[in-house]
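Working through the structure, step by step
Residues per chain are reported as follows:
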Amino acid sequence: NIVLFLMHRKKIHIVTDGSKEIGFGHIARCISFYDKFSELGYKVELLIDGEGISRNLLENRKYRLIEWHREITLLDFCKESVLFLDSLIATQKQTDYMQQLAYCFIVIDDFRRRSYKRAFIIDWTPNVEHTGKHSHNRHNNNCLLLGLEYSVLRQPFTEPSFYSIREMSALTVIMGGTDVHGLTYPLVKQISISFPEIRIYAVLGPGTPDLPECPKGVKVYRELDAGQLKEVFLQSDLVVSAGGQTLFELAALRVPTIAIKVADNQEEDLTGLMTLGFLDKIFCWNASSLSEEIMEKIRFLRSADSRKKYLSDFRFPGIGKGLDKIMERIQHYCHESI
C-alpha cells in the first residue's frame, strides 16, 4: 500500500511535558500512542520537556529531554516529520510554530482547545462532541475525533477484566504521579484509623514523596507499571483517586471509585463521568472537611449492596477502546495530506 509505505518513511515525534507541578499523565497517555505507532512500524521518538520523570515510565522507548517550552526552535529538527502534541501548557504561539514545522500535525487537546489548521484533533472528554467547544476548529481542514468512544488507555486496561462486587476487604488510595497537594498520607492515616479491618494499598507515583510512616494495615506500592496497577485495582473493593487519566482506567475496570479533583483541568472529565453514572459526587482537594467527607463516603460504600447500586446506572462498554479507531483515521487523514 503506497500510503502506508510513505507513512512508514516518516518519523513521528511525540511532543509532551511533565513535572511535579503538572503531573505525568500526559506522558503516560502518549506512551500508548508511542507503543501503537512502533507496533505499526513507524519510527517514533518522545520529546519531553520536564524534570523528575521516572526512567521506568520510559523504559525501552526512544526519548529526549528537551526544553521546548523555553525555546520552541529547539524542535526545528522535526521539520517535515509527523508531529504529535499532548501538552497542557503549550501556548497558541508555540502550537502555531509546530504546525508550520510538521508534515502532518496531530494533537490531543482536551482543555485549552487552541486553534488549528490542517490538524488532526483528538479530545475524549465525555460528551465534548455535544458542547461546541471545538466549533472554532470545525473549519480550516481539520479532522476532529471527539467523545469517549475515542478514549485511549494503556494496553492492560483495554483487556476484558472487570471487578465483581463483593464484601469490602481492601481499599486503594492513589493521588496521581506526583500528589502535588500531599493528600496520600493524611488520607491513608485517617482511613487506617477509621477502618482498621480494611487492607489499604497506597500507590505512590514517581513524583510522590515516601510516607512519613506506614500505618498498620497499609501496604505501599511505588511506580507500578500498568499491568501491576491493574492487578491492585482489581484486588480493591473501593479506590480513592485523584482526577485524571486514572479515572478512565478505573471506569474501564468498573471498580467503585471516590474521585478528588486536584486540578482545574480535571473538572470536565469528572463531570462527564458523573453524568455517565460512574461517580455521584466530585470531592475537591482544598475542601476544609475533605477527610470527614471521604470517611463518610467510605462508610456508605462499605456494603456490597451500596457499591452495586452506586454503579448500577454506569454503562459504557467502549471506554478505552479508541486507539484503533484513531489510528485508522490518522492513516486516512495522512493519505489525504499527501
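Keep in mind it's a predicted model, so treat the numbers as computed, not measured.

Quick word on the layout of surface pockets
Approximately 240 Å³ is the volume attributed to the second largest pocket. As for the second largest pocket, its lining consists of Tyr163, Ile165, Arg254, Lys308, Leu311, Ser312, Phe314, Arg315, Phe316 and Pro317. Residues that form the lining of the second largest pocket fall into these classes: six nonpolar, one polar and three charged.

Focus on the state of the cysteines
All chains considered together, the criterion is met by zero disulfides. Here Cys30 stays unpaired: no disulfide links it, and the sulfur of Cys78, its closest cysteine neighbor, is 13 Å away. Here Cys30 falls in the buried class, since its relative accessible area comes to 0%.

Describing the nonpolar core
Within the largest apolar cluster, 92 residues are counted, with the highest numbers of intra-cluster contacts made by Ile14, Phe33, Phe37, Val240, Ile260, Ile294 and Ile298. Setting aside chain neighbours within four positions, we find Ile294 in contact with Leu187, Val240, Ile258, Ile260 and Phe283. Listed in part, the 21 residues of the second largest apolar core include Val15, Ile66, Phe105 and Val128.

Some words on the pattern of salt bridges
For the structure on display, the rule yields 20 salt bridges. Where Lys261 meets Glu267, a salt bridge forms, and the shortest distance between an N and an O atom there is 2.8 Å. On the basis of relative accessibility, which here comes to 15%, the residue Lys261 falls in the buried class. Through salt bridges with shared partners, one network takes in Arg113, Asp123, Lys133 and Glu268.

Conventions we followed
- Residues numbered from 1 in each chain as written.
- Predicted model: local features only at pLDDT ≥ 70, side-chain atom pairs only at ≥ 80, totals over all residues.
- Heavy atoms only, no water.
- 1 Å grid on protein atoms, 1.4 Å probe; cavity = no way out; pocket = protein on both sides within 12 Å on 5 of 7 lines; lining within 4 Å.
- Points joined across faces, edges and corners; volume = space filled by probe spheres on them.
- Nonpolar A, V, L, I, M, F, W, Y, C, P; charged D, E, K, R; others polar.
- Disulfide = S-S within 2.5 Å.
- Buried < 20%, exposed > 50% of the residue type's maximum accessible area, 1.4 Å probe, protein only.
- Core = buried A, V, L, I, M, F, W, Y, C linked by side-chain atoms within 4.5 Å.
- Contact = heavy atoms within 4.5 Å.
- Salt bridge = Lys/Arg side-chain N within 4 Å of Asp/Glu carboxyl O.

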